[in-house]
Amino acid sequence: MGVVHDINPAVPNPDVDEIAELRRVAIHLARTAAAHVRLRRTQVSSAAGALHADAVQSKSTPTDPVTVVDTETEELIRSLLARLRPGERVLGEEGGGSIEEGAADIVWVVDPIDGTVNFLYGIPAYSVSVAAMRDGRSLAGAVADVVRGRVYSAGLGAGAERTDADGTTSALRCAEVGSVEMALLATGFGYGVHRRTRQGELIAQVLPRVRDIRRVGSAALDLCMVASGLVDAHYEHGLNTWDWAAGALIAAEAGARLTLPAAGTVAKTGELVVAAAPGIAAELIELFDRLGVSEAIPEP
């Protein structure tokens, strides 16, 4: 399984000013990109709300879509970064790139639309995720809830907050839950048949042992919901780094305990990501270990 990262302990000689500036840039990028996504959703859809057929293609499987808006939005973020932070690298879902632990340079990790299937169908749960990482660790990140106009953000050691569309800002803290059997979990599913089949088997084992399970369709928003106390934990196999780079930091800065693969790990390996409120984290991991949820589900 993934390694447990204490993602927000005291950092030796943290550069507070640098983290604050990276957070400011991440918020600006996520907010600007979200406005673009909102506008383009109306332009590429029919009066009934469905996306035009020529705006959608498939990626890894026929059920894994990418839209013209995904591609455009990542290009927008890359162009803004080239002006705001010239020379810094980008790892994006659509445009590629790389990240390595041990690297001293900042890498911007971008998911232009997290929840593309929701975007495709017009379900109001999709987001833009932007994080600044160094040495495989998130220093700052922002997740924009596109439809609601909210932006979640965090800086390493600087806390997490949500800014609503009206400008109201609230500090984020995980829920105070003390028992897994009373916990509300969020999860997601892969696109390949092999992984989905195994995830279905595992969820049948988990469901009787928790309060309930939700499937929202955006891992970044799930992680922000953990930070906000709207759910008590999120777990999912096979996330890419851009799915969790910002949201995991936001959850951690709100008090969550994290289990993450190494930065740069790709979805195909099927490793587990967990973010859990501190009161249930140890019990939940013990349950996952016992049921086999902690084991990776690689795609053949």
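Residues numbered from 1 in each chain as written. Predicted model: local features only at pLDDT ≥ 70, side-chain atom pairs only at ≥ 80, totals over all residues. Heavy atoms only, no water.

In this section: the pattern of salt bridges. A side chain of one charge can pair with a side chain of the opposite charge if their charged atoms are brought near each other. Counting across every chain of the model gives twelve salt bridges. We note a salt bridge from Glu 72 to Arg 40, for which the minimum N-O separation is 2.7 Å. You can see Glu 72 sitting in helix H2 (residues 68-84) and its partner Arg 40 sitting in helix H1 (residues 16-43), a full 32 residues away along the chain. On the accessibility criterion, Arg 40 (16% relative accessible area) is buried. We note a salt bridge from Arg 78 to Glu 74, for which the minimum N-O separation is 3.0 Å. Separated by four residues within a single helix, Arg 78 and Glu 74 lie in helix H2, roughly one turn from each other. Taking the relative accessible area as the measure of exposure, Glu 74 reaches 2% and is therefore buried. In this structure, a network of salt bridges that share partners links the residues Arg 150, Arg 162 and Asp 164. (Salt bridge = Lys/Arg side-chain N within 4 Å of Asp/Glu carboxyl O. Helix = DSSP H or I, 4+ residues; strand = E, 2+ residues; numbered from the N terminus. Buried < 20%, exposed > 50% of the residue type's maximum accessible area, 1.4 Å probe, protein only.)

The element strand S15 (residues 272-276) is extensively covered by neighbouring structure, given that five of its five residues are classed as buried. Both faces of S15 are covered, namely the face carrying Leu 272, Val 274 and Ala 276 and the face carrying Val 273 and Ala 275. Here five bridges tie strand S13 (residues 233-237) to S15, and the two strands are oriented antiparallel to one another. Residue pairing for S15: His 234 is matched across the bridge by Ala 275. As judged from the three bridges shared by strand S14 (residues 257-260) and S15, these two strands associate in the antiparallel manner. Bridge assignment links Thr 259 to a residue of S15, and that residue is Val 274. (Pairing = 2+ DSSP bridges.)

Across all of its chains, the model carries one cavity of 30 Å³ or more by this definition. Secondary-structure elements contributing two or more residues to the lining of the largest cavity are helix H4 (193-206) and S13. If you tally residues by element for the lining of the largest cavity, the top one is H4, at three residues. (1 Å grid on protein atoms, 1.4 Å probe; cavity = no way out; pocket = protein on both sides within 12 Å on 5 of 7 lines; lining within 4 Å. Points joined across faces, edges and corners; volume = space filled by probe spheres on them.)

Looking at the secondary structure, you find Arg 85 in the loop between H2 and strand S4 (89-92). On the basis of relative accessibility, which here comes to 18%, the residue Arg 85 falls in the buried class. A polar atom in the side chain of Arg 85 sits 2.9 Å from the side chain of Glu 88. Not counting chain neighbours up to four residues away, the residues in contact with Arg 85 comprise Glu 21, Leu 22, Val 25 and Trp 108. (Polar contact = N/O pair within 3.5 Å; in protein donor to acceptor, adjacent residues only side chain to side chain. Contact = heavy atoms within 4.5 Å.)

Let us now look at the sheet that holds strand S7 (residues 137-145). Spatial ordering of the open sheet is given by S4-S5-S6-S7-S8-S9-S10, a layout of seven strands whose pairing is mixed. In the strand order of this sheet, the two ends are held by S4 and strand S10 (169-171), each with one partner. Averaged over all pairs of adjacent strands, the angle between strand axes in this sheet comes to 20 degrees, irrespective of strand direction. Bridge analysis of S7 against strand S8 (residues 150-155) gives six bridges, and the strand direction is antiparallel. Paired with Ala 140 across the two strands is Gly 155, which belongs to S8. Of the strands in this sheet, strand S5 (107-114), strand S6 (127-134), S7, S8 and strand S9 (159-163) are in contact with H1, which crosses S7 at around 30 degrees. The strands touched by H2 within the sheet are S4, S5 and S6, with S5 carrying the most contacts at an inclination of about 150 degrees. (Axes fitted to C-alpha atoms, helices over the stretch in contact; angles between N-to-C directions.)

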